[in-house]
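Fold and contact review
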Amino acid sequence: MKLAKIVKHCRIDRPRHFKLADHDPAERFGLSTDIDDVKQILADGIARIEDLQQRLYAQGQWGVLMVLQGMDAAGKDGVIKHVMSGINPQGCEVHSFKAPSAEELEHDFLWRTGRDVPARGRIGIFNRSHYEEVLVVRVHPQLLQRQNLPPSTAGKSIWKHRFKEIRAFEHHLARNGTLVLKFHLRISKDEQRKRFLARLDEPSKRWKFSMNDVAERAYWDDYTAAYQDMIRETSTDYAPWYVVPADHKHVAWLVVSAAIIEALQGLKLEYPKVTGNALKELKKAERALKAEKT
């Protein structure tokens, strides 16, 4: 299957009919199980993203926000490392959102992520995001108590309202020149177990492991339901979700890479053209440089 068709399959364009169970985390779309067989495709994607980022930065009209969500060990860090490895760090920032601080809890739930929305010409990557507020907090509703919300705003309809507020937030970003791309890295419970065991077996990776990772596995079905509801409620034409099979890491890298390229190409990014007096000044500078004695 061509990458364009794979991206279309992963993009959720009809969220009301979306079922997470329809997306196999081990799907390969006919791609090889051997990463060596797709290294050149990955390299081509990295080079293309690098070129598009340079145009994005030079044009300075659009910002790009990438949201990465997934269960622990789904490969969010790996996507950043392997897909975005060719871009200029000066034009990209990665933000990881863990448990909110005391200061963050004193504000509305969108406050801490809103501060880190990328400027025009730049790429911002959210490793976890404002969506934690309709995932972790929904699975563990006792966390709402820490937010000290007025009782009238913390009732049963809170998730419905938060979905509405997220849609409005992302629509605001889109209308003001921010391309919003959201990726749910879908991993199976068995593959997560294998990756946890691999972390424990590798001394250099043990620091990543937490006993809480194992404890959260008991809520797997709750998280699955929360993810399905989240995607149904917040995948829009201006901020779509891509459900990316992540049991095979290189398949996830290819899908995310292809989706980014397709979306950036849609912006029709071009280097600014120098004309008029500015061009005359450049020609003047060129003549002066060529006239210098060497």
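In what follows, the structure referred to is the one given above.
Residues numbered from 1 in each chain as written. Predicted model: local features only at pLDDT ≥ 70, side-chain atom pairs only at ≥ 80, totals over all residues. Heavy atoms only, no water.

Focus on the overall build of the protein
As a reminder of what qualifies: In DSSP terms, a helix is any run of H or I states spanning at least four residues, a strand is any run of E spanning at least two, and both are numbered starting from the N terminus. Residue contacts are defined here by distance: any two heavy atoms, one from each residue, within 4.5 Å place the two residues in contact. Reported accessibility uses the Shrake-Rupley method at a 1.4 Å probe radius. Residues are deemed covered only where the shown protein chains occlude them.
Of regular secondary structure, the protein possesses twelve helices and five strands. Reported as C-alpha extents along the three principal axes, the dimensions of the protein are approximately 75 × 50 × 40 Å. Partitioning the contacts of the protein with sequence separation of at least 6, the portion at a separation of at least 24 is 83%. Element-wise, carbon and sulfur atoms account for 51% of the exposed surface of the protein, whose accessible area totals about 16400 Å².

Focus on the sheet that holds strand E2 (residues 92-96)
Basically, it comes down to this: Strand pairing is defined by DSSP finding a minimum of two bridges between the two strands. Convention adopted: a line fitted to C-alpha atoms gives each axis, helices being fitted over their contacting stretch, and angles between N-to-C directions are expressed from 0 to 180 degrees.
A sheet is described by the order of its strands in space; here five strands give the open sequence E2-E3-E1-E4-E5, paired in parallel fashion. For this open sheet the edge positions go to E2 and strand E5 (241-245), each flanked by a neighbour on one side alone. Strand-to-strand twist across the sheet, computed as the mean angle between neighbouring axes with direction ignored, equals 20°. Taken together, the five bridges between E2 and strand E3 (residues 123-127) define a ladder with parallel strand orientation. Its bridge partner being in E3, His 95 is matched across the sheet by Phe 126.

A closer look at helix H10 (residues 220-234)
Let me state the cut-off plainly: A helix is expected to span 1.5 Å multiplied by its residue count minus one. For every residue, the accessible area (1.4 Å probe, protein chains only) is compared with the maximum for its type, and the residue is labelled buried under 20%, exposed over 50%, or partly exposed between those bounds. This arc is built from the directions going out from the helix axis to the C-beta atoms.
Taking 1.5 Å of rise per residue, the 15 residues of H10 would be expected to cover 21 Å, and the 21 Å separating its terminal C-alpha atoms lies within 8% of that figure. Among the residues making up H10, those that are buried are Trp 220, Tyr 223, Ala 226, Tyr 227, Met 230, Ile 231 and Thr 234. When H10 is viewed along its axis, its buried side chains cluster within an angular range of 130° and face the same direction.

A closer look at the pairing of E3
If a strand is regular, its side chains alternate between the two faces of the sheet. Counted residue by residue, E3 has five buried out of five residues, so it is predominantly covered. In this structure, strand E1 (residues 63-70) lies alongside E3, joined through five bridges in parallel fashion. Residue pairing in the sheet places Leu 65 in a bridge with Gly 124 of E3.

Quick notes on unusual backbone geometry
Of note in the backbone geometry, Phe 29 takes a positive phi value of approximately 55° without being a glycine. Note on placement: Phe 29 falls in the loop between helix H1 (3-10) and helix H2 (39-59). Judged by relative accessible area, which is 7%, Phe 29 ranks as buried. Here Lys 268, not a glycine, exhibits a phi torsion of approximately 55°, which is positive. Relative to the helices and strands, Lys 268 resides in the loop between helix H11 (249-265) and helix H12 (276-291). Residue Lys 268 is classed as exposed on the basis of its relative accessible area of 66%.

Section: the packing of helix H7 (residues 158-175) against H10
Which entries qualify depends on this criterion: Orientation is classified from the angle alone, with under 35 degrees giving roughly parallel, over 145 giving roughly antiparallel, 65 to 115 giving roughly perpendicular, and any other angle giving oblique. A crossing counts as left-handed when the near helix is turned anticlockwise from the far one by less than a right angle, and as right-handed when that turn is clockwise.
Where H7 meets H10, the axes come as close as 9 Å, and the angle between the chain directions of the two elements is 50°. Regarding the angle of H7 to H10, the classification is oblique. The element H7 and its partner H10 pack so that their crossing is right-handed. Contact residues: Phe 163, Ile 166, Arg 167 and Glu 170 in H7; Asp 229, Met 230, Glu 233 and Thr 234 in H10.

Considering H1
Given 3.6 residues per turn, any residue in an α-helix points the same way as the ones three and four places further on. Within H1 the residues assigned to the buried category are Ile 6, Val 7 and Cys 10. One face of H1 carries all of its buried residues, which in axial projection span an arc of 100°. Every exposed residue of H1 that faces more than 90 degrees away from the buried side is listed here: Lys 5 and Lys 8. For H1, the elements touching its buried residues are E5 and H11.

Examining the side chain of His 140
The criterion, for reference: By the criterion applied in these results, polar contacts are pairs of N or O atoms within 3.5 Å in which, for protein atoms, one can donate a hydrogen and the other can accept it, and in which residues neighboring in sequence qualify only through two side-chain atoms.
Relative to the helices and strands, His 140 is located in the loop between helix H6 (136-139) and H7. Reaching out from His 140, the side chain makes a polar contact with the side chain of Glu 216 at a distance of 2.9 Å.

Description of a nonpolar patch on the surface
The condition that has to hold: Every patch collects residues that have over 30% relative accessible area and no salt bridge, joining them within 9 Å if they carry like charges and within 5 Å if they are nonpolar side chains (Val, Leu, Ile, Met, Phe, Trp, Tyr). A carboxyl oxygen of Asp or Glu within 4 Å of a side-chain nitrogen of Lys or Arg is what we treat as a salt bridge.
Taken together, the side chains of Val 274, Leu 279 and Leu 282 make up a nonpolar region of the molecular surface, amounting to roughly 230 Å² of accessible area. The residue Leu 282 is located in helix H12 in this model.

A word on the pattern of salt bridges
One pass over the full model with this rule turns up 17 salt bridges. The partner of Arg 11 in a salt bridge is Asp 13, and the shortest N-O contact between them spans 2.7 Å. What makes Asp 13 partly exposed here is its relative accessible area of 49%. In this structure, Lys 194 and Asp 190 form a salt bridge, with 3.5 Å as the shortest nitrogen-oxygen distance. Here the residue Lys 194 and the residue Asp 190 both occupy positions in helix H8 (residues 189-201), the gap between them amounting to four residues, near one helical turn. Overall, the relative accessible area of 44% leaves Lys 194 in the partly exposed class. Through salt bridges that share partners, Arg 48, Asp 51, Arg 55 and Glu 270 make up one connected network.

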